[in-house]
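Spelled out from the first residue to the last, the chains are:
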Amino acid sequence: MIENEKIEEMMLELEDAADRAIDSLEGEYSAIRAGRANPHILDRIEVEAYGGMSKLIELGNVSALDARCLQISLWDKSLLKAVEKAILQSNLGLTPTNDGKVIRIVFPVMTEERRKELVKQIKKMGEETKVEIRNARRNAMDVIKKMKTAKELSEDESAACEADVEKSVTSAMAKLDSIIAAKEKDLMSI
């Protein structure tokens, strides 16, 4: 890699964009259930509480009782109905039961058809993340091309920079492919 502040900054931006895209995908994947009770599936649910919106995880404890059941213990029992309503409106396909003290969510066994739908969904999400990384690569290549046109880089230097960009993108894509494959395996295992 050549010593140039603009190039170093561009490479950092490229790697940062790829890392952000991958982290975002992992966050989205954690909300997709794989037939097992995963407390993270409730991380994005917001509940109307105390005159505003609060994240469910800020209102109590969410724990897995077993492989197919989550239990939500709220610090303020008066919020049980609001939490139940928020879960029903979340489009997660979950039905909470409220016994007056805690809320339990039993996860139904996933059908083969549902598993295949989820695999399609995660692959689509993975493809969208790949597009984000490709866009970051295009931006980096544009910077190199402009610097070459402005005679800030020689032919050899620009070729070396382009190779570094490709190496970085290839590494990010390989990491992304392994994350997608792991999630697909997780979803298809019973």
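Values in this document were obtained by computation on a predicted structure and should not be read as measured data.

1. Overview of the overall build of the protein chain
Now for step 1: The helix and strand tally for the protein chain stands at four helices and six strands.
Now for step 2: Element order for the protein chain, N to C, with α for helix and β for strand: α-β-β-β-β-α-β-β-α-α.
Now for step 3: Relative to the compact-globule value of 16 Å for 190 residues, the protein chain shows a C-alpha radius of gyration of 23 Å, a clear excess of over 25%.
Now for step 4: Projected onto its principal axes, the C-alpha coordinates of the protein chain cover approximately 70 × 40 × 20 Å.
Now for step 5: Relative to its 190 residues, the protein chain shows a buried fraction of 38%.
Now for step 6: A sequence separation of at least 24 residues applies to 64% of the contacts in the protein chain between residues at least 6 apart.
Now for step 7: In the structure as shown, the protein chain presents an accessible area of about 11,200 Å², 51% of it carried by carbon and sulfur atoms.
Now for step 8: Of the charged side chains in the protein chain, 30 are positive and 36 negative; the average position of the first set lies 8 Å away from that of the second.

2. A look at the pairing of strand β2 (residues 52–55)
Now for step 1: Where strand β1 (residues 46–49) and β2 come together, four bridges link them in antiparallel fashion. In the strand pairing of β2, Glu 46 is matched with Lys 55.
Now for step 2: The hairpin turn running from β1 into β2, its antiparallel successor, is two residues long, and Tyr 50 in that turn takes a positive phi close to 55°.

3. So, the sheet that holds strand β4 (residues 69–74)
Now for step 1: Spatially, four strands are ordered β3-β4-β6-β5 in an open sheet, and the strand pairing comes out antiparallel. Of all strands in the sheet, those with a lone pairing partner are β3 (60–66) and β5 (96–98), marking the two edges. Taking each pair of neighbouring strands and ignoring which way they run, the sheet shows an average axis angle of 25°.
Now for step 2: Pairing geometry for β4 and strand β6 (residues 103–106), over four bridges, is antiparallel. Pairing of Leu 70 across the sheet is with Ile 105, part of β6.
Now for step 3: Helix α2 (residues 80–89) contacts β4, β5 and β6 of the sheet and is inclined by roughly 165° relative to β5.

4. As for the packing of helix α3 (residues 112–149) against helix α4 (residues 155–188)
Describing two packed helices takes the angle between their axes plus the distance from one axis to the other.
Now for step 1: The geometry of α3 relative to α4 is characterised by a closest axis approach of 10 Å and an angle of 170° between their N-to-C directions. When the interaxial angle is binned, α3 and α4 end up roughly antiparallel.
Now for step 2: Classifying every residue of the contact of α3 with α4 by side-chain character gives 16 nonpolar, three polar and 14 charged.

5. Looking at unusual backbone geometry
Now for step 1: Phi is positive for Tyr 50, close to 55°, though the residue is something other than glycine.
Now for step 2: Within the element layout of this structure, Tyr 50 appears in the loop between β1 and β2.
Now for step 3: In this structure, Lys 151 is a non-glycine residue whose phi angle is positive, near 65°.
Now for step 4: Positionally, Lys 151 belongs in the loop between α3 and α4.

6. Here's the deal with the nonpolar core
Now for step 1: Of all hydrophobic cores here, the largest spans 31 residues; its most connected members are Ile 7, Tyr 29, Ile 133, Ile 144 and Val 165.
Now for step 2: If you list the elements that add at least two residues to this core, you get α1 (5–30), α3 and α4.
Now for step 3: By residue number, the principal contributor to this core is α3, which donates 10 residues.
Now for step 4: Dropping the residues within four chain positions of it, Tyr 29 is found in contact with Ile 122, Lys 123, Met 125, Gly 126, Ile 179, Ile 180 and Lys 183.
Now for step 5: Formed by 21 residues, the second largest nonpolar core is a distinct cluster that contains Ile 41, Ala 49, Val 83 and Phe 107.

Each value, and the rule that gives it
- Every chain's residues receive numbers from 1 upward, in the order its sequence appears when written.
- Side-chain atom pairs in this predicted model are given and counted only at pLDDT of 80 or more, local residue features only at pLDDT of at least 70, and totals for whole chains, interfaces and linings cover all residues.
- Derived side-chain values reflect all non-hydrogen atoms in the structure, with water molecules and hydrogen atoms excluded from consideration.
- Think of it this way: any DSSP run of H or I at least four residues long counts as a helix, any run of E at least two long counts as a strand, and we number them from the N terminus.
- Here the globule rule reads 2.2 Å times residues to the power 0.38, and the radius of gyration is calculated from C-alpha atoms.
- Residue exposure (1.4 Å probe, protein chains only): buried if accessible area is under 20% of the type maximum, exposed if over 50%, otherwise partly exposed.
- Whether two residues are in contact is decided by their heavy atoms: any pair within 4.5 Å suffices.
- Method for areas: the Shrake-Rupley scheme with a 1.4 Å probe, in which residue coverage is limited to the protein chains shown.
- For this count, His and the chain ends are skipped, Lys and Arg are scored as positive, and Asp and Glu as negative.
- A charged residue contributes its charge at one atom only: NZ of Lys, CZ of Arg, CG of Asp or CD of Glu.
- Note on pairing: DSSP must find at least two bridges between two strands before they are called paired.
- The angle between two axes is taken between their N-to-C directions and runs from 0 to 180 degrees, where each axis is a line fitted to C-alpha atoms and a helix contributes only its stretch in contact.
- To sort the angles, those under 35 degrees are grouped as roughly parallel, those over 145 as roughly antiparallel, those from 65 to 115 as roughly perpendicular, and the leftovers as oblique.
- In this classification, Asp, Glu, Lys and Arg are treated as charged, Ala, Val, Leu, Ile, Met, Phe, Trp, Tyr, Cys and Pro as nonpolar, and every other residue, Gly included, as polar.
- Think of a nonpolar core as a cluster: buried Ala, Val, Leu, Ile, Met, Phe, Trp, Tyr and Cys residues, connected wherever their side-chain atoms sit within 4.5 Å.

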